[in-house]
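# Remarks on the overall topology
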Amino acid sequence: MSQVAVAPPVQLSSKTTEYLASSSRYRDVDKILDRRGPWTDEQFQGGQAAKDFLRQQCKILVIGAGGLGCEILQNLALTGFHNIHVIDMDTIDISNLNRQFLFRETDVGGSKANVAAAFVMQRVPGVKVTPYFGKIQDHPASFYGSFDIIIAGLDSIPARRWINATLVEIAEQDENVTPLIDGGTEGFRGQARVILPAVSSCYECSIDTIAPPTAYPICTIANTPRLPEHCIEWASVLEWPKVFKDKKLDTDDPDHIEWLYQRASTRANEFKIEGVTWALTQGVVKNIIPAIASTNAIIAASCCNEAFKLATLAAPSLDNYMMYSGNESLYAYTFEYEKRADCPVCGGESIEVQAEKDWTLETLLEKLEDRQDLQIKRPSLAYESGAPLFFQAPPQLHEATKPNLAKKLSELFSEDASVVITDPNLPFQVTVSIKLV
Amino acid sequence: MTHRTPPASPSNHRPVKMARMSDGMDLTDATTGMEAIPSYRPDAKARRYDRQLRLWASAGQRSLEAARVLLIGCDATGCQALKNLVLPGIAHFTILSPRSVEAQDVATNFFLHPDTIGRNIAEEAVKLLKELNPAVEGSAVVKDPAQLLQSDPDFFSAYTLIIASNVEPQLEMDLAEILWKASEKVGGPDVPLICIRNSGFIGRIEVQLREHCVSDTHPEQTHTLRVDQPFPELEKAARSLDFDSMDSMEHSHIPWVVILARAVSIWREQHGGQLPNSDDDAERAAFKDMIKSWRHKADEENFDEALRSSYQGFTKSELFEDEAVVTVSENSKNLHILLHALKQYTSQAPHLPPISPTLPDMHSSTTSYVALQNLYRAQFNSDFARFKQIVAETLGRIGLPADAIPADEIESFARNSGGVQVIKGRALKESKEMRGLVAEVYTNVDEQFVDEEKPIHLGLHLALLAAERFHLVTGRWPGSPEADDLAEENRQVEEMALSLLQSVVPGAEGGPETSEAIAEVVRGGFSTLPTTAAFLGGIVAQEAIKLVTNQYMPLDNTVIIDLVKSSMEKYKF
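Along every chain, residues carry numbers that run from 1 in the direction the sequence is written. The order in which chains are written sets their letters, starting at A; the order in which ligands are written sets their numbers, starting at 1. Given that this is a predicted model, residues contribute local features only at a pLDDT of at least 70 and side-chain atom pairs are listed and counted only at 80 or more, while totals for whole chains, interfaces and linings are drawn from all residues. Only heavy atoms go into the side-chain values, all of them from the structure, while hydrogens and water stay out.

Chain B has the name NEDD8-activating enzyme E1 regulatory subunit in an unreviewed UniProt entry, where Dioszegia hungarica is given as its organism. Database annotation for chain B, UniProt heading Pathway (unreviewed entry): "Protein modification; protein neddylation." UniProt positions are given in the numbering used here, feature names are shortened, and annotations may be inferred rather than shown by experiment.

In the nomenclature of an unreviewed UniProt entry, chain A is known as NEDD8-activating enzyme E1 catalytic subunit of Dioszegia hungarica. Under the heading Catalytic activity (unreviewed entry), UniProt records this for chain A: "ATP + [NEDD8 protein] + [E1 NEDD8-activating enzyme]-L-cysteine = AMP + diphosphate + [E1 NEDD8-activating enzyme]-S-[NEDD8 protein]-yl-L-cysteine." In its Sequence similarities (unreviewed entry) section, UniProt records this for chain A: "Belongs to the ubiquitin-activating E1 family. UBA3 subfamily."

Encoded structure:
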């Protein structure tokens with residue numbers, strides 16, 4: 001994590017100086033800010049107060065400087081947001097250039113946050129964009145609490161869960177509600193939503209609607225492959241660890257992909273399966289999601305439109321979810337996603353799990369891993385008191401608690417009990433209540 | 001497509017240009033005992049476009065790279081649309097405008113810099129848009145569009161697609177009419193026109209095209225297996241299954257397609273050639289019972305799949321129907337010739353397009369699955385041979401060489417021919433006259449307005465139409481003056497809206513929804529919110545890509561967008 005101090009852009013030309021001084025340049029946006037519409041909120045003051053907040057006071061954070069992030073930065077700068085911050089841990093790859101329009105070929109390898117910030121400041125004189133090249137988890141909660149609005153254009157679910165949980169915690173503890181606007185796209189579809197932490201439904205409330213990545217049964221991969229994907233999975237899941245032991249597969253290394261592609265092709269030839277290609281191999285092992293500029297434009301525009309409304313009250317903000325699809329003609333659906341009472345982040349109630357007394361702890365663990373509303377991968381379990389039930393790490397605790405996996409629940413619990421789950425996917429602990437039946 | 005094994009040594013088994021791409025040690029070369037397989041590692045271009053090729057594939061990309069797009073109205077919305085087309089790699093774009101850059105243009109348009117104030121807007125925007133993709137050509141034409149339309153109408157029909165962003169209503173209508181007339185002739189240019197209008201939070205996109213063919217709609221369910229009328233080889237394979245001689249492993253791995261084809265074949269034999277009646281619960285149950293009776297165990301996944309898909313056994317595959325392409329000439333587009341050939345193809349029994357050669361995944365052993373796939377592929381090859389023959393004859397008849405349509409274009413059309421869709425568009429003039437749909441809704445106000453959303457979007461449409469009328473009369477947009485009396489502007493627009501409405505529905509009232517819609521549109525004063533511009537620019541680009549690639553169903557023909565409520569509604573006016 002490092003905040004790079006970006007030197008103020010070069011000297012401004014006299015034309016630009018004159019432009020920045022002219023009050024008429026915001027003529028278009030000002031029409032909306034100087035006039036009340038038929039659906040405008042009563043609290044809307046309009047005029048100078050709204051303009052001052054938007055153009056001088058409002059501090060806004062953009063999480064992600066990728067496909068959505070580039071669009072978001074452009075829109076915010078043009079709309080009049082002046083104090084913009086952007087954070088991204090990624091560097092620029094050539095496959096970004098079909099949509100991440102603030103980057104050029106010569107920028108490949110550079111920090112997305114740094115390059116994007118510099119570009120926007122050069123193109124839109126007068127705007128201040130502060131970049132952070134690093135992980136969102138490296139900043140304390142107080143950092144996030146210092147913004148008026150946060151927009152997330154992330155492709156990572158764990159990162160979204162983290163920022164969501166962080167903002168809900170800030171809202172609950174400090175009564176400081178920082179609106180989170182979240183966008184996401186896939187192909188011709190996408191969604192934008194407005195989350196008022198602890199007030200409206202949060203990201204975690206809808207976690208069960210996220211489809212898990214396609215998983216192929218191991219027995220199909222090992223014994224009855226039919227699709228090219230089955231051969232690719234065989235190469236990456238079964239063959240790679242067998243051949244390379246401890247060497248980790250790096251899906252960004254083209255030589256690693258090449259090896260998988262060769263192995264998968266050989267297997268496909270054996271079984272007379274057609275269709276293994278380099279691109280498919282890469283797509284399967286990296287779980288690549290198709291992405292285009294136009295969809296990012298639509299979703300980012302919606303996110304920034306909501307930020308503009310929140311900052312100025314020029315129109316009521318989205319309550320609270322909009323889906324867009326351009327796959328078949330075009331279609332948008334706007335609705336209120338409801339709060340989940342047993343949401344582990346913002347709900348008051350705990351998740352209930354019905355378990356049979358005869359289950360082993362391992363069975364319970366598997367059932368928990370299968371739950372769509374938890375989306376966990378390698379859970380560790382503890383009694384409500386904190387005493388360990390089963391820990392994945394560190395090694396000593398893992399060894400000490402491993403024997404519990406074979407024990408029946410009736411041996412471990414005398415009655416209904418609460419269990420605390422921690423997991424690398426979870427930025428928080430979840431307490432579930434086990435009902436023995 | 002099979003991978004041939006070249007006899008080459010491992011060191012030169014890869015094409016030269018690929019070898020240059022590899023950086024660092026090659027794991028393949030370090031691994032002994034492996035069969036040499038050509039790499040086809042993606043080149044720089046394939047890597048740049050990787051995330052979009054996964055949507056529209058190389059066929060779509062080829063079409064995109066041949067597309068020439070014209071933008072009239074060099075505003076923020078139009079430039080945003082162009083940005084989203086330059087990035088994926090169209091061949092060329094032209095911006096047509098004689099105007100100079102003003103401060104307000106710079107403030108809303110990301111592709112203008114304050115230093116360029118006073119210079120020609122088309123030239124400046126072209127410069128900054130071209131930076132987005134070195135493979136794309138861009139040019140500025142510094143002329144007045146209205147005059148050019150008079151002096152050189154052919155200029156416009158040389159483009160693949162035209163975007164008119166917030167141009168004056170009169171120019172928009174004249175342009176639409178010229179394009180519509182040009183497309184009247186068989187084989188004449190049929191250039192789709194996308195018109196944009198935005199005011200504050202409100203936007204509208206209209207598409208004019210005479211006819212459009214979608215060769216791949218990318219449906220959720222991609223495979224038309226035609227189990228309701230199995231082709232002879234499939235039927236033979238299905239009837240020759242000997243359940244009793246199979247062990248449990250084999251029996252539980254018969255692909256469901258074969259099971260269902262067998263059920264259909266036997267049912268037809270017993271019912272005078274008829275399929276089960278899908279409206280008859282008893283027949284549907286009897287059909288399923290037949291399948292169930294073949295089970296050896298209750299937990300056979302393949303039979304579960306067959307039962308889940310049993311509706312495909314009583315849903316008749318549809319005939320291909322289209323009157324669009326009765327005649328073709330040497331000027332016809334490739335797609336029209338292919339559609340014409342398809343129509344001839346389906347005039348013969350079984351009156352269905354060539355079968356799709358691909359199968360979805362299903363519970364099966366590898367050998368049974370591959371065998372079934374080979375059956376479908378063989379059938380496709382035979383269907384395709386007949387189709388190719390008809391295409392060749394058609395080309396000969398209209399005086400074109402046999403290779404006038406590339407072989408791979410004919411094949412990819414044939415592979416997707418089960419899902420081909422043809423759209424008949426309407427002239428912009430006609431859709432703006434608001435007969436049909438609008439008349440219907442406003443005539444039955446009480447019943448239709450129960451659905452809360454509709455009147456708002458229709459009201460916004462009416463408000464935009466009235467504002468265009470206002471512009472035709474006054475030469476300016478309502479809500480545009482700096483020091484204004486908005487109430488008076490609203491009143492005038494409302495009067496025009498009412499007279500428009502009453503010209504199609506005598507005695508109709510606009511209602512409060514229409515007044516609100518007008519107030520919001522006039523509030524915007526036809527100014528550009530950068531977010532609205534980006535939103536519309538994204539949609540316009542999506543639609544342009546769909547039209548250019550002939551993939552995915554495009555909008556036909558109007559969408560009204562309300563970014564106050566973040567909602568939209570589409571209509572075929």
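## Comments concerning the overall build of chain B
Counting its regular elements, chain B contains 25 helices and 10 strands. Note on classification: 1.4 Å probe, protein chains only; a residue is buried when its accessible area is under 20% of the maximum for its type, exposed when over 50%, partly exposed between these limits. Expressed as a percentage of its 573 residues, the buried residues of chain B come to 56%. The criterion used for residue contact is that any of the two residues' heavy atoms lie within 4.5 Å. The long-range fraction of contacts in chain B, counting pairs at least 24 apart against all pairs at least 6 apart in sequence, stands at 72%. Residue exposure ignores everything except the shown protein chains as possible cover, and the areas themselves are Shrake-Rupley values with a 1.4 Å probe. For chain B, the accessible surface area stands at approximately 23,600 Å², while carbon and sulfur atoms represent 50% of it. Secondary structure is summarised from DSSP: a helix means a run of H or I of at least four residues, a strand means a run of E of at least two, and numbering begins at the N terminus for each.

## A short note on the overall build of chain A
Along chain A, the regular secondary structure elements total 15 helices and 14 strands. C-alpha atoms of chain A, sized along the principal axes, occupy 75 × 55 × 45 Å. Per-residue burial over chain A gives 57% buried out of 437 residues. Residue pairs at least 24 apart in sequence account for 62% of intrachain contacts in chain A once pairs closer than 6 positions are excluded. A positive count includes Lys and Arg, and a negative count includes Asp and Glu. His and the chain ends are not counted in either. Where a charge sits is defined by one atom per residue type, namely NZ (Lys), CZ (Arg), CG (Asp) or CD (Glu). Across chain A, the 40 positively charged side chains and the 56 negatively charged ones have centroids separated by 4 Å.

## Description of the UniProt feature "active site" (unreviewed entry) in chain A
When the UniProt feature table is mapped onto this chain, "active site" (unreviewed entry) is found at Cys219 of chain A. Relative to the helices and strands, cysteine 219 of chain A is located in helix 8 (residues 218–222).

## Notes on the packing of aromatic side chains
The pairing test for Phe, Tyr and Trp rings, Trp by its six-membered ring, is centres within 6.5 Å, and the orientation test on the planes gives stacked under 30 degrees, edge-to-face over 60, and tilted for anything in between. Within the structure shown, the criterion is met by 31 aromatic pairs over all chains. Aromatic side chains phenylalanine 143 of chain A and tyrosine 144 of chain A sit 4.9 Å apart centroid to centroid with 90° between the ring planes, which places their arrangement in the edge-to-face category. Here phenylalanine 143 of chain A falls in the buried class, since its relative accessible area comes to 14%. The interplanar angle of 45° and the centroid separation of 6.0 Å between the aromatic rings of phenylalanine 335 of chain A and tyrosine 337 of chain A together place this pair among those described as tilted. A residue is classified by how much of its surface remains accessible, and tyrosine 337 of chain A, at 17% relative accessible area, is buried. Members of the aromatic cluster, connected to one another through ring pairs, are Tyr132, Phe143, Tyr144, Phe147 and Trp162 of chain A. Lysine NZ or arginine CZ positioned within 6 Å of the ring centre and within 35 degrees of the ring normal marks a charge as sitting over the ring. In this structure, arginine 193 of chain A packs its charged tip against the face of tyrosine 337 of chain A, placed 5.6 Å from the ring centre. Of note, arginine 523 of chain B hangs over the ring of phenylalanine 44 of chain A, and the distance from its end group to the ring centre comes to 5.9 Å.

## Some details on the pattern of salt bridges
Note that side chains of opposite charge can pair when their charged atoms are close. Salt-bridge detection follows one rule: a side-chain nitrogen of Lys or Arg within 4 Å of a carboxyl oxygen of Asp or Glu. Within the structure shown, the criterion is met by 52 salt bridges over all chains. Between aspartate 30 of chain A and lysine 51 of chain A there is a salt bridge, with its nearest N and O atoms 3.8 Å apart. Taken together, the positions of aspartate 30 of chain A in helix 2 (residues 27–34) and lysine 51 of chain A in helix 3 (residues 47–57) put the pair 21 residues apart, joining distant regions of the chain. An identical accessibility class is assigned to aspartate 30 of chain A and lysine 51 of chain A; each is buried. Residues lysine 292 of chain B and aspartate 289 of chain B are paired through a salt bridge, measuring 4.0 Å at the closest nitrogen-oxygen approach. Of this pair, lysine 292 of chain B and aspartate 289 of chain B are both found in helix 14 (residues 281–293), three residues apart, which corresponds to roughly one turn of the helix. Take aspartate 289 of chain B: its relative accessible area is 42%, and that puts it in the partly exposed class.

## Considerations on the domain arrangement of chain B
In many analyses, interface size is given as the accessible surface area lost on bringing the parts together. Each domain span listed reflects an automatic or database assignment of domains. Each domain of chain B was delimited in the assignment, giving domain 1 (57–209 + 532–571), domain 2 (232–314), domain 3 (334–424) and domain 4 (438–525). Centre-to-centre, using C-alpha coordinates, domain 1 of chain B lies 53 Å away from domain 2 of chain B.

## Quick word on the domain arrangement of chain A
All names here are of chain A. Domain annotation of chain A identifies domain 1 (23–211 + 291–335), domain 2 (218–285) and domain 3 (351–436). If you look at the interface, domain 1 gives eight residues, while domain 3 gives eight residues. Buried surface area refers to the total accessible area, computed with a probe of radius 1.4 Å, that the two partners give up upon joining, counted for both partners together. A combined buried area of about 690 Å² lies between domain 1 and domain 3, and 56% of that area is made up of carbon and sulfur atoms. Looking at the side of domain 1 facing domain 3, the largest losses of area belong to Arg161, Ile207 and Asp208, adding up to 55% of the total buried there. A 3.5 Å cut-off defines polar contacts: any pair of N or O atoms within that distance qualifies, except that in protein one atom must be a possible hydrogen donor and the other a possible acceptor, and neighbouring residues in sequence count only when both atoms are side-chain atoms. Connecting domain 1 to domain 3 are four residue pairs in polar contact (both at pLDDT 80 or more). Polar here means any residue outside two lists: the nonpolar Ala, Val, Leu, Ile, Met, Phe, Trp, Tyr, Cys and Pro, and the charged Asp, Glu, Lys and Arg; Gly therefore counts as polar. Of the residues in the side of domain 1 that touches domain 3, the class split is five nonpolar, no polar and three charged.

## Here's the deal with the sheet that holds strand 5 (residues 193–199) of chain B
Residues and elements named next belong to chain B. Strands sit in the order 3-2-1-4-5-6-9-10 across an open sheet of eight strands; the sheet is mixed. Both edges of this open sheet fall to strand 3 (137–141) and strand 10 (567–571), since each of them pairs with a single strand only. The average undirected angle you get between the axes of adjacent strands in this sheet is 15°. By definition, two strands form a pair when at least two bridges between them are found by DSSP. Sheet topology places strand 9 (residues 558–562) next to strand 10; five bridges connect them, and they run antiparallel. Paired with threonine 558 across the two strands is tyrosine 571, which belongs to strand 10. Angles run from 0 to 180 degrees between N-to-C directions of axes, and those axes are lines fitted to C-alpha atoms, restricted for helices to the stretch in contact. Set on the sheet, helix 25 (residues 530–549) makes contact with strand 4 (161–165), strand 5, strand 6 (202–208), strand 9 and strand 10; between it and strand 5 the angle comes to about 170°.

## As for the environment of glutamate 328 of chain A
As for its position among the elements, glutamate 328 of chain A is in the loop between strand 8 (321–325) and strand 9 (331–335). Along the chain, glutamate 328 of chain A and phenylalanine 188 of chain A lie 140 residues apart, while their C-alpha atoms are 9.3 Å from each other.

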